[in-house]
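Chains, contacts and geometry: an overview
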2 protein chains.
Amino acid sequence: MDLKQIAKDTTKTLISYVTYQALRVVIAQLDETEPKRAYWLRQFSHRVSIQDSEVYLTALFQEEQRIAFRLLTVREHIVEEMADYLPELLRTGIQQANLQQRTQQLERMTQIDPATSTSHPEQSEQPEQPEQESGYQPDSY
Amino acid sequence: MDLKQIAKDTTKTLISYVTYQALRVVIAQLDETEPKRAYWLRQFSHRVSIQDSEVYLTALFQEEQRIAFRLLTVREHIVEEMADYLPELLRTGIQQANLQQRTQQLERMTQIDPATSTSHPEQSEQPEQPEQESGYQPDSY
């Protein structure tokens, strides 16, 4: 597991995602002040994908440099405001998501289908699912 | 600008992205130890998109709970190892990306096309681009 490469790739993905959020902010602002320009920016963003934010910005600079400069400012502002909260949000988020997945699976593994147990009570002790090869192996990697 | 909502959405996107990275790790591990299962997991991941990681995991739990449990463990491990570095990586990353965009644009705005200035030297002082309405407005939002 190359954690350094994963961290690098994650940062790149985050930058693109924050740029997408900055775009949403700028469009909302333009909706208030310059609706025609907001319309234009929506059309532009349908033409050019923001999946890779740097390619998107390079294209935007060639057509509307004022908006492109504003996007740079807004995305940097979002990062400044949000960065320090990310570790805690991410840790809490992944723990909650994992707990939810494990709970769901535990419920599926232990539940007795009420319909089956009512109409065929003699079958209610049969396992609902075929057995898996093994269970949770926290130390297997 | 609803920074709280942006932080929440960003965390969700990050969780899905880290799950995708965990999937890549698990596939690489299975390639070494259980190639047939690695093949199966690749096929499964073509069938079910990991774009929404929680939907993907719920589907995976119904077909191969052992791998699903392993994914939960690996993604939590990645987050534990990486979370504290993210603020610095993200700040540095966005600053570098913004600097690069601004430098590129400055070069485009100030460059004189050598071909034009050689063949038509009398035109070399004309602006290359039509003027924009305004420049960099750091305080405009």
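The model shown is predicted, which means the values in this text are computed figures rather than measured ones.

Reading the values: the criteria
Throughout, a residue's number is its position along its own chain's written sequence, starting from 1. Just so you know, chain letters begin at A and ligand numbers begin at 1, following the order they were written in. Side-chain atom pairs in this predicted model are given and counted only at pLDDT of 80 or more, local residue features only at pLDDT of at least 70, and totals for whole chains, interfaces and linings cover all residues. Runs of H or I in DSSP of at least four residues are treated as helices and runs of E of at least two as strands, each being numbered from the N terminus. Any residue with 12 or fewer other C-beta atoms within 10 Å of its own C-beta is exposed, any with 20 or more is buried, and the rest are partly exposed; the C-beta atoms used are placed from the backbone. Each residue gets a C-beta atom placed from its backbone, and two residues are in contact if those atoms lie within 7 Å. Residues are sorted three ways: Asp, Glu, Lys and Arg are charged, Ala, Val, Leu, Ile, Met, Phe, Trp, Tyr, Cys and Pro are nonpolar, and all the rest, Gly among them, are polar. A least-squares superposition brings the copies together, and it is based on the C-alpha atoms of residues with pLDDT no lower than 70 in both. For helices, the axis comes from a line fit to the C-alpha atoms of the stretch in contact; other axes are also lines fit to C-alpha atoms, and the angle between any two N-to-C directions lies between 0 and 180 degrees. Any angle between 65 and 115 degrees counts as roughly perpendicular, while under 35 counts as roughly parallel, over 145 as roughly antiparallel, and the rest as oblique. Crossing chirality is assigned from the near helix's rotation relative to the far helix, an anticlockwise turn below a right angle marking it left-handed and a clockwise turn marking it right-handed. Between the first and last residue of a helix there are one fewer steps than residues, each counted as 1.5 Å, and that sum is the expected span. Note on definitions: a nonpolar core is a set of buried residues drawn from Ala, Val, Leu, Ile, Met, Phe, Trp, Tyr and Cys, linked by C-beta atoms within 7 Å. Scored from 0 to 100, pLDDT reflects the predictor's confidence in each residue.

Some points on the overall build of chain A
Regarding its fold elements, chain A presents six helices and zero strands. Ordered by position from N to C terminus, the α and β elements of chain A give α-α-α-α-α-α. Every one of the 141 residues in chain A was classed for burial, and the buried ones make up 24%. Within chain A, counting contacts between residues at least 6 apart in sequence, those at least 24 apart form 50% of the total.

Here we look at the interface of chain B and chain A
Taken residue by residue, the interface counts 56 residues in chain B and 55 residues in chain A. Counting residues per element, the ones that place at least two in the side of chain B that touches chain A are α1 (3-33), α3 (53-63), α4 (65-82) and α5 (86-110) of chain B. Across the side of chain B that touches chain A, the residue classes tally to 28 nonpolar, 18 polar and 10 charged.

Details of the relation of the copies chain B and chain A
Overlay of chain B on chain A (RMSD 0.0 Å): rotation 180°, translation along the axis 0.0 Å. With respect to symmetry, the two chain copies, as superposed, fit the operation of a two-fold axis. Of the interface residues in chain B, 98% have counterparts in chain A that sit at the interface too, so the contact is made through matching surfaces.

Some words on the packing of helix α1 (residues 3-33) of chain A against α5 of chain B
At a minimum axis distance of 10 Å, the contact between α1 of chain A and α5 of chain B shows a crossing angle of 60°. By the angle between their directions, the pair α1 of chain A and α5 of chain B is classed as oblique. The two elements α1 of chain A and α5 of chain B meet at a crossing, and its hand is right-handed. For the pair α1 of chain A and α5 of chain B, the contacting residues are Ala7, Thr11, Leu14 and Ile15 of chain A in the first and Leu89, Leu90, Gly93, Ile94 and Ala97 of chain B in the second.

Notes on α1 of chain A
An α-helix turns once per 3.6 residues; consequently, residues spaced three or four apart project the same way. Taking 1.5 Å of rise per residue, 31 residues should cover 45 Å, and α1 of chain A covers 44 Å from first to last C-alpha, within 8% of that figure. Along α1 of chain A, the positions that sit buried rather than exposed are Thr10, Thr11, Leu14, Ile15, Tyr17, Val18, Thr19, Gln21, Ala22, Leu23, Val25 and Val26 of chain A. Elements in contact with the buried residues of α1 of chain A: α2 (35-47), α3 (53-63) and α4 (65-82) of chain A together with α1, α4 and α5 of chain B.

Quick notes on the packing of α1 of chain A against α2 of chain A
Residue and element names in this part refer to chain A. α2 packs onto α1 with a crossing angle of 150° between their chain directions and a minimal axis gap of 7 Å. Classified by the angle between their axes, α1 and α2 sit roughly antiparallel to one another. Contacts from Leu23, Ile27, Leu30 and Asp31 in α1 reach Pro35, Arg37, Ala38, Leu41, Arg42 and Ser45 in α2.

Focus on the nonpolar core
Counting 52 residues, the largest nonpolar core has Ala22, Ala68 and Leu71 of chain A together with Ala22, Ala68 and Leu71 of chain B as the members making the most contacts within it. Setting aside anything within four residues of it in sequence, one finds Ala22 of chain A in contact with Leu71, Val74, Arg75 and Ile78 of chain A.

Some words on the confidence of the model for chain A
Residues of chain A with pLDDT of at least 70 account for 79%, and the chain-wide mean is 85. Per the prediction output, this complex has pTM 0.78; the corresponding ipTM is 0.77.

Remarks on the environment of Trp40 of chain A
Mapped onto the elements of the fold, Trp40 of chain A is located in helix α2. Along the chain, Trp40 of chain A and Glu64 of chain A lie 24 residues apart, while their C-alpha atoms are 9.9 Å from each other.

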